[in-house]
Each structure stands twice: as structure tokens, then as C-alpha cells.
Amino acid sequence: MKAVFLGPPGAGKGTVAAKAKDYYKVPHISTGDLFRYNIKNETELGKQVKEILASGGLVPDNITIEMVRRRIAEPDCKNGFILDGFPRTIPQAEALAEMTELDHVLNLAISTEEVVERLSGRRMCPSTGRIYHIKFNPPKVDGVDDETGEALIQRDDDKEEAIKHRLDVYNAQTEPLIDYYRKKGLIREVKTDNSKKPEEVFELVVKALA
Ligand code: AMP
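The structure contained in this document is the topic of the report that follows. All figures in this text were calculated on a predicted structure; none of them were measured in a lab.

Turning our attention to the overall build of the protein chain. Helix and strand counts for the protein chain stand at 9 helices and 7 strands. In terms of C-alpha radius of gyration, the protein chain reaches 17 Å, essentially the compact-globule figure of 17 Å for 210 residues. Principal-axis analysis of the C-alpha atoms places the extent of the protein chain at approximately 45 × 40 × 35 Å. The 210 residues of the protein chain split such that 45% are buried. The long-range share in the protein chain, meaning contacts at least 24 apart out of those at least 6 apart in sequence, stands at 68%. In the structure as shown, the protein chain presents an accessible area of about 11,200 Å², 51% of it carried by carbon and sulfur atoms. Looking at charge distribution, the protein chain has the averaged site of its 32 positive side-chain charges lying 3 Å from that of its 35 negative ones.

Laid out in C-alpha cells, this is it:
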């Protein structure tokens, strides 16, 4: 199973991919998570990309492509992978096509209004990365993680200005990938919205990829 999960920021790619990784027994590779890991650990790469992530812009293609090239060459990707958040530009998709052949590209479609509601209410536990939503998935006690009791934070790029920027970037640079992959016959479409539970969306994804 070599799959790419496409969709605007906040569509739920990460949530679906986390379930899909257990179901299909392949690693879930999120370029956003890889960048955040590097920022948290203050690596050279982390220092290079910190400001870019905070603003909601895209990390340059050459840096992102090299990071993915190295990651999918690791032994755990022998039987495939789920890429979440990559590719995000046509040059990234072209570079990926030279590295490997994909089986599926899932397009997780959702309206812009629902995305804004999702992203602006998203909160995260700073040490575990556990995700909550103030309306759709609130913690047991307001503002703190259910297990560690730490104060939840809002990702810099989930703040209003950055959300707007991320959506503009998505529309300009990433949405064209839907057509790019449709022409290759790889697109499998699943429509989602804020009334659907993650389990329901996941069921639709399994059907779409069958
Ligand atoms: P995500 O967690 O997928 O929303 O990604 C968070 C941020 O990481 C994005 O807003 C970008 O700044 C950066 N990023 C993640 N994936 C890519 C990519 N494929 N190309 C460029 N930048 C990326």
C-alpha cells in the first residue's frame, strides 16, 4: 500500500492516516510532524524551517523532497507507506513519481468554512502531540490534557492569520495536485464534514481504497 493523503489543512488527514497505518500495517509519514519534531529538538533542519511553519508558508521543495526521500528509503517502508502532507506542490509530486510508484491518492474533501472552524478550535498537548478540539473533541477538563494534565496549546499555524495563509497556499499550490493525480487515474475521493465521526470517515476511506 503506497498511498498519498491529500486535502486542505484541517481535513483530518492526520487522524485518518493514524488509523490507516494500523489497518494497512504501513508507516504513517507526516511531513508536518517530521518538521515539528526537528523544531522541537532544535536540529539544523528545525532551525531552518521554524519561522516558515509558524507563518503557515511552505518549506522549500528541495528541503522537503530530500527529507521524504530519506524517510521512504528506510526499511520500515519496504511494504509501503501513507504520506500525509506530501506532496504539496507539483514539483514535489514529480519528484515522488521518480522515487516510487503510488497505488492510491486519497482526496479528503471538505468545505473551507468547516476547515476554519476545525483549525481555529484545535488544541494540542505540547509533549505528546495529542489533539483536541474545543467543540468537537474537548478534553475532560477545560484547557488541560486528559492524561498528562499539561496545559494545552494552540499551534502557531492554527492562529487566524496563519490559517488564512495556509488555505491560500493550499488553493494555489496543492489543489492542482488533484487534477494531476486524476489524470493518472489515482484519485479516490471521500467527502467529509464536521458532523462525521473519525470512525465513519475511516470506513469511507477503507471502501474508497478497496
Ligand atoms: P501539516 O501538519 O501537514 O499541516 O504541516 C505543517 C506545516 O509544515 C505546513 O504549513 C508547512 O509549513 C510545512 N509542511 C508540511 N508538509 C510540507 C510539504 N510537503 N511541503 C512544504 N512544507 C510542508
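From this point, the discussion proceeds with the structure in view.
On to the sheet that holds strand E4 (residues 104-109). Taken in spatial order, the 5 strands of this open sheet run E2-E3-E1-E4-E7, and their pairing is parallel. Bordering the open sheet on either side are strand E2 (28-30) and strand E7 (187-191), each of which pairs with just one other strand. Strand-to-strand twist across the sheet, computed as the mean angle between neighbouring axes with direction ignored, equals 20°. Pairing of strand E1 (residues 2-6) with E4 involves 4 bridges; the strand directions are parallel. The partner of Leu6 across the bridge, within E4, is Asn107.

So, about the site of the ligand. Close to the ligand lie 16 residues; Thr31, Arg36, Gly57, Gly85 and Gln92 are nearest. Side-chain polar atom of Arg36 to an oxygen atom of the ligand: 2.9 Å apart, as the coordinates give it. Arg88 places a side-chain nitrogen or oxygen 2.9 Å from a nitrogen atom of the ligand. Among the elements that take part in the shell around the ligand, helix H2 (residues 31-40) stands out by supplying 4 residues, more than any other. Split into classes, the residues belonging to the shell around the ligand amount to 5 nonpolar, 6 polar and 5 charged.

Parameters at a glance
- Residues numbered from 1 in each chain as written.
- Predicted model: local features only at pLDDT ≥ 70, side-chain atom pairs only at ≥ 80, totals over all residues.
- Heavy atoms only, no water.
- Helix = DSSP H or I, 4+ residues; strand = E, 2+ residues; numbered from the N terminus.
- Rg over C-alpha atoms; globule rule 2.2 N^0.38 Å.
- Buried < 20%, exposed > 50% of the residue type's maximum accessible area, 1.4 Å probe, protein only.
- Contact = heavy atoms within 4.5 Å.
- Areas by Shrake-Rupley, 256 points an atom, 1.4 Å probe, with all protein chains shown as cover.
- Lys, Arg positive; Asp, Glu negative; His and termini not counted.
- Charge placed at Lys NZ, Arg CZ, Asp CG, Glu CD.
- Pairing = 2+ DSSP bridges.
- Axes fitted to C-alpha atoms, helices over the stretch in contact; angles between N-to-C directions.
- Near = heavy atom within 4 Å.
- Polar contact = N/O pair within 3.5 Å; in protein donor to acceptor, adjacent residues only side chain to side chain.
- Nonpolar A, V, L, I, M, F, W, Y, C, P; charged D, E, K, R; others polar.

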